[in-house]
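Fold and geometry: a report
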Amino acid sequence: MAKAIHSMIRVLDEKKSVDFYRLAFGLKVAERLDFETFTLIYLSNEESKFELELTINKDRSEPYALGDGYGHLALSVDDLDAEHQRVTDAGLSPGKIVAFNRDGALLARFFFLVDPDGYKIEVLQRHGRYK
């Protein structure tokens with residue numbers, strides 16, 4: 001069976017991105033691999049072995065065009081309201097909390113954050129299939 005191990009996004013400013021993911025989600029640098037033309041940074045936390053790989057291309061000075069194919073990354077939390085307040089207090093400007101129902105039952109509660117490069121991150125209350 002295949003096992004998901006990481007997702008990669010290209011970022012422009014290493015420090016801004018590492019700081020954002022640390023502050024927003026407690027992700028820390030698990031490994032940093034520096035090459036001549038690019039740097040790979042693997043971020044993780046105690047909650048999961050899944051990692052976020054940040055790729056910094058050293059010759060890049062313009063922001064990346066995300067296009068219309070990218071959707072979002074998703075992370076789950078135990079207490080959505082507390083996380084929303086925490087990231088608000090940290091100045092990260094989360095979107096409003098949304099309750100999404102299907103057939104009259106709660107499917108998900110969530111909000112979105114946007115990282116320094118414009119990537120959307122969905123933060124979901126742990127519930128149902130979103131553990």
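Below, the structure is looked at part by part. Predicted model, so just to flag it, every value in this text is computed and none were measured. (Residues numbered from 1 in each chain as written. Predicted model: local features only at pLDDT ≥ 70, side-chain atom pairs only at ≥ 80, totals over all residues. Heavy atoms only, no water.)

1. Focus: the packing of aromatic side chains
Two descriptors summarise a pair of aromatic rings, namely the distance from one centre to the other and the angle between the planes of the rings. Counted by the stated rule, this structure contains six aromatic pairs. Judged by centre distance (5.0 Å) and plane angle (85°), the rings of Phe20 and Tyr21 are edge-to-face. Assessed through its relative accessible area of 7%, Phe20 is described here as buried. Look at Phe35 and Phe38: their rings are 4.7 Å apart centre to centre, the planes differ by 25°, and that puts the pair in the stacked class. Through a chain of ring-to-ring contacts, the aromatic side chains of Phe20, Tyr21 and Phe25 assemble into a single cluster. Its end group placed over the ring of Tyr64, Arg60 keeps NZ or CZ at 4.0 Å from the ring centre. (Phe/Tyr/Trp six-rings, centres within 6.5 Å; stacked < 30°, edge-to-face > 60°. Buried < 20%, exposed > 50% of the residue type's maximum accessible area, 1.4 Å probe, protein only. Lys NZ or Arg CZ within 6 Å of the ring centre and 35° of its normal.)

2. A short note on unusual backbone geometry
Phi is positive for Ser93, close to 55°, though the residue is something other than glycine. Of note, Ser93 is situated in the loop between helix 2 (80-89) and strand 6 (98-102). Phi at Asp103 is positive, roughly 55°, even though this residue is not glycine. Considering the arrangement of structural elements, one finds Asp103 in the loop between strand 6 and strand 7 (105-114). We classify Asp103 as exposed; its relative accessible area is 77%. (Helix = DSSP H or I, 4+ residues; strand = E, 2+ residues; numbered from the N terminus.)

3. As for the sheet that holds strand 2 (residues 28-34)
Across the sheet, four strands lie side by side as 1-4-3-2; this open sheet has mixed pairing. The two strands at the open ends of the sheet, each matched to only one other strand, are strand 1 (6-10) and strand 2. For this sheet, the mean angle separating the axes of adjacent strands, direction not counted, is 20°. Two strands pair when backbone bridges link them, and strand 3 (residues 38-45) and strand 4 (residues 48-57) are joined in this way by seven bridges, in the antiparallel orientation. Each residue of the ladder has a partner; that of Ile41, found in strand 4, is Leu54. (Pairing = 2+ DSSP bridges. Axes fitted to C-alpha atoms, helices over the stretch in contact; angles between N-to-C directions.)

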